[in-house]
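Secondary and tertiary structure notes
The residues making up each chain are set out below.
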Protein chains: 8
Amino acid sequence: MTPTEIRAILGRMARGELALDAVVDELAGRFRTQPFEDLGFARVDHHRAARQGFPEVVLGLGKTSEQAAAIAARIVAKGHSLLVTRADRAMFEAIRAELPAVEYHEVARAVTLRNGDVTPGHGTVLVAAAGTSDLPVAEEAVVTAEVMGNRVDRLFDVGVAGLHRLLREHERLAAARVIVVVAGMEGALPSVVAGLVSVPVIAVPTSIGYGASFGGLAALLGMLNSCANGVSVVNIDNGFGAGSIASLINHLD
Amino acid sequence: MTPTEIRAILGRMARGELALDAVVDELAGRFRTQPFEDLGFARVDHHRAARQGFPEVVLGLGKTSEQAAAIAARIVAKGHSLLVTRADRAMFEAIRAELPAVEYHEVARAVTLRNGDVTPGHGTVLVAAAGTSDLPVAEEAVVTAEVMGNRVDRLFDVGVAGLHRLLREHERLAAARVIVVVAGMEGALPSVVAGLVSVPVIAVPTSIGYGASFGGLAALLGMLNSCANGVSVVNIDNGFGAGSIASLINHLD
Amino acid sequence: MTPTEIRAILGRMARGELALDAVVDELAGRFRTQPFEDLGFARVDHHRAARQGFPEVVLGLGKTSEQAAAIAARIVAKGHSLLVTRADRAMFEAIRAELPAVEYHEVARAVTLRNGDVTPGHGTVLVAAAGTSDLPVAEEAVVTAEVMGNRVDRLFDVGVAGLHRLLREHERLAAARVIVVVAGMEGALPSVVAGLVSVPVIAVPTSIGYGASFGGLAALLGMLNSCANGVSVVNIDNGFGAGSIASLINHLD
Amino acid sequence: MTPTEIRAILGRMARGELALDAVVDELAGRFRTQPFEDLGFARVDHHRAARQGFPEVVLGLGKTSEQAAAIAARIVAKGHSLLVTRADRAMFEAIRAELPAVEYHEVARAVTLRNGDVTPGHGTVLVAAAGTSDLPVAEEAVVTAEVMGNRVDRLFDVGVAGLHRLLREHERLAAARVIVVVAGMEGALPSVVAGLVSVPVIAVPTSIGYGASFGGLAALLGMLNSCANGVSVVNIDNGFGAGSIASLINHLD
Amino acid sequence: MTPTEIRAILGRMARGELALDAVVDELAGRFRTQPFEDLGFARVDHHRAARQGFPEVVLGLGKTSEQAAAIAARIVAKGHSLLVTRADRAMFEAIRAELPAVEYHEVARAVTLRNGDVTPGHGTVLVAAAGTSDLPVAEEAVVTAEVMGNRVDRLFDVGVAGLHRLLREHERLAAARVIVVVAGMEGALPSVVAGLVSVPVIAVPTSIGYGASFGGLAALLGMLNSCANGVSVVNIDNGFGAGSIASLINHLD
Amino acid sequence: MTPTEIRAILGRMARGELALDAVVDELAGRFRTQPFEDLGFARVDHHRAARQGFPEVVLGLGKTSEQAAAIAARIVAKGHSLLVTRADRAMFEAIRAELPAVEYHEVARAVTLRNGDVTPGHGTVLVAAAGTSDLPVAEEAVVTAEVMGNRVDRLFDVGVAGLHRLLREHERLAAARVIVVVAGMEGALPSVVAGLVSVPVIAVPTSIGYGASFGGLAALLGMLNSCANGVSVVNIDNGFGAGSIASLINHLD
Amino acid sequence: MTPTEIRAILGRMARGELALDAVVDELAGRFRTQPFEDLGFARVDHHRAARQGFPEVVLGLGKTSEQAAAIAARIVAKGHSLLVTRADRAMFEAIRAELPAVEYHEVARAVTLRNGDVTPGHGTVLVAAAGTSDLPVAEEAVVTAEVMGNRVDRLFDVGVAGLHRLLREHERLAAARVIVVVAGMEGALPSVVAGLVSVPVIAVPTSIGYGASFGGLAALLGMLNSCANGVSVVNIDNGFGAGSIASLINHLD
Amino acid sequence: MTPTEIRAILGRMARGELALDAVVDELAGRFRTQPFEDLGFARVDHHRAARQGFPEVVLGLGKTSEQAAAIAARIVAKGHSLLVTRADRAMFEAIRAELPAVEYHEVARAVTLRNGDVTPGHGTVLVAAAGTSDLPVAEEAVVTAEVMGNRVDRLFDVGVAGLHRLLREHERLAAARVIVVVAGMEGALPSVVAGLVSVPVIAVPTSIGYGASFGGLAALLGMLNSCANGVSVVNIDNGFGAGSIASLINHLD
């Protein structure tokens, strides 16, 4: 209950329009049932939406194309930018039927629509990937960071077995404000990258590999045990998560 | 080889002090054996040391007290601040014999010595912990962030089973530029915190628990699968890692 | 052997219809081969059937449609209510060919037929679910509890990353006599709910998620390690189990 | 803010003791900063304390004896009953120094002090255990349920390898309102018990065993996969959790 | 080298057909290169074949229908009985094209052809199964034991959640010389059965179940941790292995 | 109730010593409360004790020396032979104080006392072990089989890395009626042995090894996946289980 | 920068074609931006290519047929031999459209094209396989070693359950300079082979098996725990890795 | 049976000292019972001992000091060099009491005694280690390779987080004939090293680390999934295994 609302009700009592008992009932009731959206937390939530432009990102996985399209339409109707992840082509078509302006990112399996509500990030987000099989996850991070207003630099196919490919690009590494590193198999790339830079590295293990990669577990454990400073980790194949954390960091003032 | 060095050698050739063949040999040899510390990467490394004041943090685990003390003395002799983690009291005593000014943080099991080489971070690092048993790990994060130049706010004993304890502190949550969340058992606190704020959350699973906590695995998996945006994860019990990542983020311009 | 049966046989001996040896043989044989359904346990079993109306619930998984239909017909022929879980549409059609009155619950993948043999539960069973992908499991719990005679309240899409959605509904939480909480990913919702109420919480991990969710293992471990009182756990995706335990509790006098 | 408080402040305004602006400030401030203990959730918390008599159970594991004693003293000072779990004899002595009336349960490793604030449960809680090695966990469940006001019946050493020991006691099984079943090794006892009764069964795996018991994992998985209805599971060795859930159920009206 | 062969070569030397040096060379060469089929082990192998009639059982899994048919034809051509496991109907058809007399066991997914080379076992092999979903594995054990010459008794659908079904059949349990127990989910049936009899119990975990059954791991661990004497375990779903071990035991004199 | 008992009660009724109602009450009561020890299963249990001489083997692990000594005294008092496994020297001393005739097997960590109640087995039990570190488990199997009345042959240090050590002993392998094979590390020995013989092989994985042996898991999995016929497996380090299964098989007529 | 290049630039300065400043700029720039392919590491890389003829092997898994064909064409265009692994027939057809001379190895799922750039290895690489189901992996090792210039001997179907098959071939084992051993299930073959020879053994676990083979984990752990000297291990199903390591060893002078 | 032995027996027959039947019996008996040490495999074993000088390496782990000393004495008595691994100081003292000339390698926990029976290897074995905590395992590899006759170069503290330390040493990498790489935590070093050289790399994961290193599992999985060619892996902490494989390779002609 805002000061304005309180002043109004007390004014009505002062003017005799409301009895004391009615005022007490009204105020006590508001204390009892006060919705949480009136609290700071909800307000924080709105600030966040305003600054990032993404009050709700749609995870396509486990939703029907129809559900995804309906949610997407509601989001865009509020003037927000749109990001749908893990969307196959059929889901894209369903969304495009509602929102003709959406764009499909085939490799990243993402649907986006950019509105004017996105605040630009401060620096560059570098997304590095170890192998060509890691591209879908890396591209999901790229698309996520881009639609959230970040300038993104791609540095792909720089696995640790051919170090010179990575070392040759040290200027691009040094130019980034935050780095996302995507790798499957042994997941060693984040450690090597973090040893070369002094910015936060978000490591994304991928399920690329076979046998004892155990669906990305090997890469995940490798990254969690990184001997280099500055490496934190997200879930296997979670390119979206890494991209959005990078964006959060890149939007810090 | 810097321009100054090149100019010097060419000058000596011009003055007849060096024959052409000797110059060719010298230059070709430098190209062939050029140490990596002359490259950009090594320079980046020095920049990093300069800005963070921590070219080398000593992990006490697996070192003898004597080894730790010797390394510590060498670091401080270069004018750097010191952080030794996983140090028991005996290790602290060994270090203090070399460096009387060091301080021991009992709960965090850390030894520190602050020199003037540390650049202050921009905002506040909030370190939240779910239970009192998580304090050693949380304090390691606190000590790490503090010695690296950050203002740190502690928010302990705010586990998800008593949400009001956390919600009551929303203003402190909202005031942080980056948040470290330490939790064992089911590891749910980072998800709840990340849902309330719009800054990066570094989650630290702890080995607190028994039975099916499997030494922190339950908390680790919970955090990796967080449904909230903005959560990245470090190794079980890695308070140092979380504190230093938070510091990296908090030092970003 | 009931008193009535014993009295009958002794009566026949008294009337000279049976010799002493024949009576001894008959009684000794009954002691030797006495089927367990004559014992207390079997009777308990019948009491249970009478009170719950479900002497046998059919798990459709791993059965052919024909097998499921045959068993269903036999159950209904005895006047019992019917519940078939994990039934796809083809199985439903096969059962409907035998029992035209059955109803199909598409999301829950369950077939039901309600007879008059079900005793109503005492209070309300609340079924809460974290995300929309958890609905099939949550609906299985709902359908199970309903067909077993319970009043059920649904509280869906209240994941911990948006706490206000849950907190706003505290009155419905407070009104339940027993609560089923369904969640995948990090499985944190049961801890949060149990911290807000003082009734038993049955937690159901779901296999929703990817990567390090390891088919629901992350959620399962999280729930087993809940720091909140009152949380017990069933198998991953076992909505039926949770619904029937909730019903058992809700039928306790 | 209660009606009484609101009426008081409005009365002071009516009497001219407070200006309108001051009242608006006061009320708006209370809306903004209202502590959560004034809300329904906190009140639920107090109801819970009142009914169960246990606003806070102390987990001794990971606390020093001094910490445990200090917390225990604070709880008893409020007139509450006390339960400290995972307490060794040294912790007990430290607590007894503060609270001479406490009692130590050696096998259960628990410290209790019973005050008049405990509401009796409705029926009997039966605690069954498979082997003698399971007794510490079983006794923790017993002590927990007893101190929370329940009548408890012990049924120990009834492992499934000697079924007659269990079957002989079917009357005690049938008499219970809720059953806790504690078992290590293969953890089969809950399934057998649940097949004989129609009340909720809380299964507690124990870490008893060796080799492929993997610290209780075998028993845990066995219980989660129980083919019997009515079995829910708590963490390995969590006798306290099972006892308190049983108490929650046994206090339902 | 058999005595007959040695006598022949010495005879040729005695008759002057072979010089001493040639005999030494021949014998020394045979010692050096003597094929292992001439040794006791190989002979043991033939004894085994003779007694069991199964020098080679064909595992269909991972073979083409053509490969399986070719191997089957070779086996039968030697006069042996045939067992092909994990054979789908297409593999059966391919084998039948070669061997019209073969029989297909649909549930067991096995192809058999019985020749006169099988020695009958001494007693009865009882194959018990917990649930109807375990039948494929149980039937594989049945077919294996039968084709190897054993009298087999089936005792299906006797899971531990309805003990009376099992206890009612104690005479059949007591009549068996060796018992195979097949169970998925929690895998408790072997413990219960072994507690009722005094003969060896071969436990077969099945992959039946979902969620935390982890493809039969729960049942496997349960069986390995059996608290009952006399239980040994084979691989998940290995009905063949259990049947052939039971046959080995049942053929012991 | 035996025929004799029934005849007695009917006789009393016939003689007018008991009224009809009293007879009905008595018989109905016996049907209702009939203890399981009167049933076949309990009798089977006694038969088993008679034939094996071991109604109860004491697992020392998790028991105090006093508990073990008390149970041991009770067993011997009934005239039974005694076997206590996992007994350290202190437990042995406690037992010897009660039963001076007991013998301690240091390597096997077992206490035995042989009475005249043991039936001899039919053939020889061979216990093979791969390495010297496996001896404690192998000796537990040896002592178990011996005290249960079996002739035992030891074949130790025959690991697969030096095949000739094993092959040289094929006559002892061929002479056994049942074979226990104990091995840690990769656990390959049971497969090799089972390929050389035609009798049942009980495989015992041991926790010998380090690193990726994971406490015996490697050996356990290896044995479960044996490509040889006739191998069944018991729990890691369960020498007792293997010895008693071997004895069961060796006592089959 | 090679001596020749340096001499040239200094010559131009000597001839007055370049000013001192321009020379300093040029040389300093080369030091700063010197590509890594000018360093020893890159040169080592070229040596390696020259000696092995395989600067880049194409892993077909996770690539489209078009991608694979394009990369293959580029490799062959440089005059190199070609190896594409994990290639299905469609990928082969796509490559053949570009490179008509390529050969397809159906069982090995590999595409090869041999150019004159391959140096022959010194001795024979023996590839042994336990069962017929292991052939795809074994053949991948064979094809890899062959195309890399090695003489390869195949020794298939020599599993440890029939030792005589292996022992009979000891001369071929003894003739190899390096041995690759491929086995699924319990993975015991490498230990047995390594016990018979004195050359390096590269063990390849395969995912052959079911149940507790856990996709090759059992074989992998068995091989890592080998009690025999000389066994090192590669990833599950990694026939290519084993073949190329064997080739590396076989090319050592 | 050697030619000399055969000739002797035939001579006795020729001289009438043995009847034909006796000769046939003798020869047939020798064929039947021929010890395996007379076969090629055993001879291979002796060749191996001769070439490597290590017929038996003693694994101290799991042996008493007395057992180790007795075995060591026996080995040295045959004129062989000695290597005892995993030996603590007490074991060393026990061995030195028997063999005063032995040397103790404290960090490697190894006891050695060098005799003249060791053949020198061809090139240099490089042992690289990532961190100082990996030294015990690395030193075990060094001591093993040295005592087996190899020239060893140590390259320690070259973890991937500070690449320049490794790259600076490329000449030593390039000079090695075989490389052992020891690393804990994420285990990335072998991949990086293998990408820089063209010789075999033996990777040794160590149990160094905490939390999600799971006792070396993270490093092990990382190494098995190496994206670089030429990497094979041994068990966690198995410095001995790596050293002896490196020696095998380095002794290949």
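Residues numbered from 1 in each chain as written. Chains lettered and ligands numbered in written order. Predicted model: local features only at pLDDT ≥ 70, side-chain atom pairs only at ≥ 80, totals over all residues. Heavy atoms only, no water.

Further remarks concern the overall build of chain A. When its secondary structure is counted, chain A shows 11 helices and nine strands. The proportion of buried residues among the 253 residues of chain A is 63%. The long-range fraction of contacts in chain A, counting pairs at least 24 apart against all pairs at least 6 apart in sequence, stands at 66%. Total accessible area computed for chain A in this model is approximately 8900 Å², and 52% of it derives from carbon and sulfur atoms. (Helix = DSSP H or I, 4+ residues; strand = E, 2+ residues; numbered from the N terminus. Buried < 20%, exposed > 50% of the residue type's maximum accessible area, 1.4 Å probe, protein only. Contact = heavy atoms within 4.5 Å. Areas by Shrake-Rupley, 256 points an atom, 1.4 Å probe, with all protein chains shown as cover.)

Working definition: the strands of a sheet are paired by backbone hydrogen bonds and lie parallel or antiparallel to each other. All names here are of chain C. Read across the sheet, four strands follow the order β1-β2-β4-β3 without closing on themselves; strand pairing throughout is mixed. Each end of this open sheet is capped by a strand with a single partner; those strands are β1 (58-59) and β3 (103-105). Pairing analysis gives three bridges linking β3 to strand β4 (residues 110-113), with the strands arranged antiparallel. Its bridge partner being in β4, Y104 is matched across the sheet by V111. (Pairing = 2+ DSSP bridges.)

Their axes nearest at 8 Å, the elements helix α10 (residues 217-224) of chain D and helix α10 (residues 217-224) of chain E cross at an angle of 125°. In terms of their interaxial angle, α10(D) and α10(E) are classed as oblique. For the pair α10(D) and α10(E), the sense of crossing is left-handed. Of α10(E), the residues touching α10(D) (which contributes L217(D), A218(D) and L221(D)) are L217(E), A218(E) and L221(E). In terms of residue class, the contact of α10(D) with α10(E) is built from six nonpolar, no polar and no charged. (Axes fitted to C-alpha atoms, helices over the stretch in contact; angles between N-to-C directions. Parallel < 35°, antiparallel > 145°, perpendicular 65-115°, else oblique. Left-handed = near helix turned anticlockwise from the far one by under 90°. Nonpolar A, V, L, I, M, F, W, Y, C, P; charged D, E, K, R; others polar.)

Turning next to the pairing of strand β8 (residues 201-205) of chain A. Residue and element names in this part refer to chain A. Of all the five residues making up β8, five are buried; the element is thus mostly covered by neighbouring parts of the structure. Covered by surrounding structure in β8 are V201, A203 and P205 together with I202 and V204, the residues of both alternating faces. As paired strands, strand β7 (residues 178-183) and β8 are joined by five bridges and run parallel to one another. Bridge pairing links V181 to A203 in β8. Read as a crossover between parallel neighbours, the route from β7 over helix α9 (residues 189-196) to β8 is right-handed. (Right-handed = clockwise from strand over helix to strand, strands pointing away.)

Once that is clear, we can look at the side chain of S232(G). Within the secondary structure, S232(G) sits in strand β9 (residues 231-233). Residue classification places S232(G) among the buried positions, given a relative accessible area of 1%. Among residues more than four places away in sequence, those in contact with S232(G) are V201(G), I202(G), A203(G), S232(H), V233(H), V234(H) and I245(H).

Another point: the interface of chain G and chain A. Opposite the 13 residues of chain G that make contact, chain A presents 10 residues. With both chains or domains summed, chain G and chain A bury close to 1000 Å², and 62% of this area falls on carbon and sulfur atoms. Seen at the junction of chain G and chain A, the total is zero salt bridges. Along the contact surface separating chain G from chain A lie three residue pairs in polar contact (both at pLDDT 80 or more). A per-class count over the side of chain G that touches chain A returns five nonpolar, three polar and five charged. (Buried area = accessible area lost by both parts, 1.4 Å probe. Salt bridge = Lys/Arg side-chain N within 4 Å of Asp/Glu carboxyl O. Polar contact = N/O pair within 3.5 Å; in protein donor to acceptor, adjacent residues only side chain to side chain.)

Our focus in this paragraph is the relation of the copies chain B and chain A. For the match of chain B to chain A, the screw axis carries a shift of 0.0 Å, the RMSD comes to 0.3 Å, and the turn is 179°. Look at the turn and shift together and you get a two-fold axis relating the two. Residue V233(B) of chain B places its C-alpha closer to the rotation axis than any other residue of that unit, at 2.5 Å. A high fraction, 94%, of the interface residues of chain B reappear at the interface in chain A, so the copies pair face to face through one surface. (Least-squares fit on C-alpha atoms with pLDDT ≥ 70 in both.)

What follows covers the relation of the copies chain G and chain A. Rotating chain G by 91° and translating it 0.1 Å along the rotation axis places it on chain A, where the RMSD comes to 0.4 Å. Seen this way, the second copy is the image of the first under a four-fold rotation axis. It is F214(G) whose C-alpha, among those of chain G, lies nearest the rotation axis, at 7.2 Å.

Side chains that carry opposite charge are capable of pairing whenever their charged atoms lie near each other. Residue and element names in this part refer to chain D. As enumerated under the stated definition, the model contains 96 salt bridges over all chains in all. For R96, the salt bridge is made with E93, and the minimal N-O distance between the two is 2.8 Å. Separated by three residues within a single helix, R96 and E93 lie in helix α5 (residues 89-98), roughly one turn from each other. Judged by relative accessible area, R96 falls into the partly exposed class, the value being 35%. For E93, a relative accessible area of 33% translates into the label partly exposed.

What follows concerns the confidence of the model for chain A. Residues of chain A with pLDDT of at least 70 account for 88%, and the chain-wide mean is 85. Confidence drops under pLDDT 50 across residues 32-53 of chain A; counting only partners more than four residues distant or on other chains, this segment forms 44 contacts. (pLDDT = per-residue confidence, 0-100.)

To continue, consider the interface of chain B and chain A. Listed per partner, the contact involves 35 residues of chain B and 33 residues of chain A. Regarding the contact of chain B and chain A, the summed buried area is about 3200 Å², with carbon and sulfur atoms giving 62% of it. Across the contact surface, chain B and chain A share six residue pairs in polar contact (both at pLDDT 80 or more). No other element matches the six residues that helix α3 (residues 40-52) of chain B contributes to the side of chain B that touches chain A.

Residue and element names in this part refer to chain G. Mapped onto the secondary structure, G123 falls in the loop between β4 (110-113) and β5 (124-129). Taking the relative accessible area as the measure of exposure, G123 reaches 11% and is therefore buried. Placed 29 residues apart in sequence, G123 and V152 show a C-alpha to C-alpha distance of 8.9 Å. In contact with G123, other than residues within four places in its own chain, are R151, R177 and N250.

Now for α10(E). A large share of α10(E) lies buried, amounting to seven of its eight residues. Among all positions of α10(E), only A218(E), A219(E), L220(E), L221(E), G222(E), M223(E) and L224(E) are buried.

So, about the side chain of T112(E). Residue and element names in this part refer to chain E. Relative to the elements of secondary structure, T112 occurs in strand β4 (residues 110-113). A relative accessible area of 6% means that T112 is categorised as buried. At a separation of 2.7 Å, a polar atom in the side chain of T112 contacts the side chain of H105. Sequence-distant contacts of T112, defined by excluding residues within four places in its chain, comprise L82, L83, V102, E103, H105, V143 and V147.

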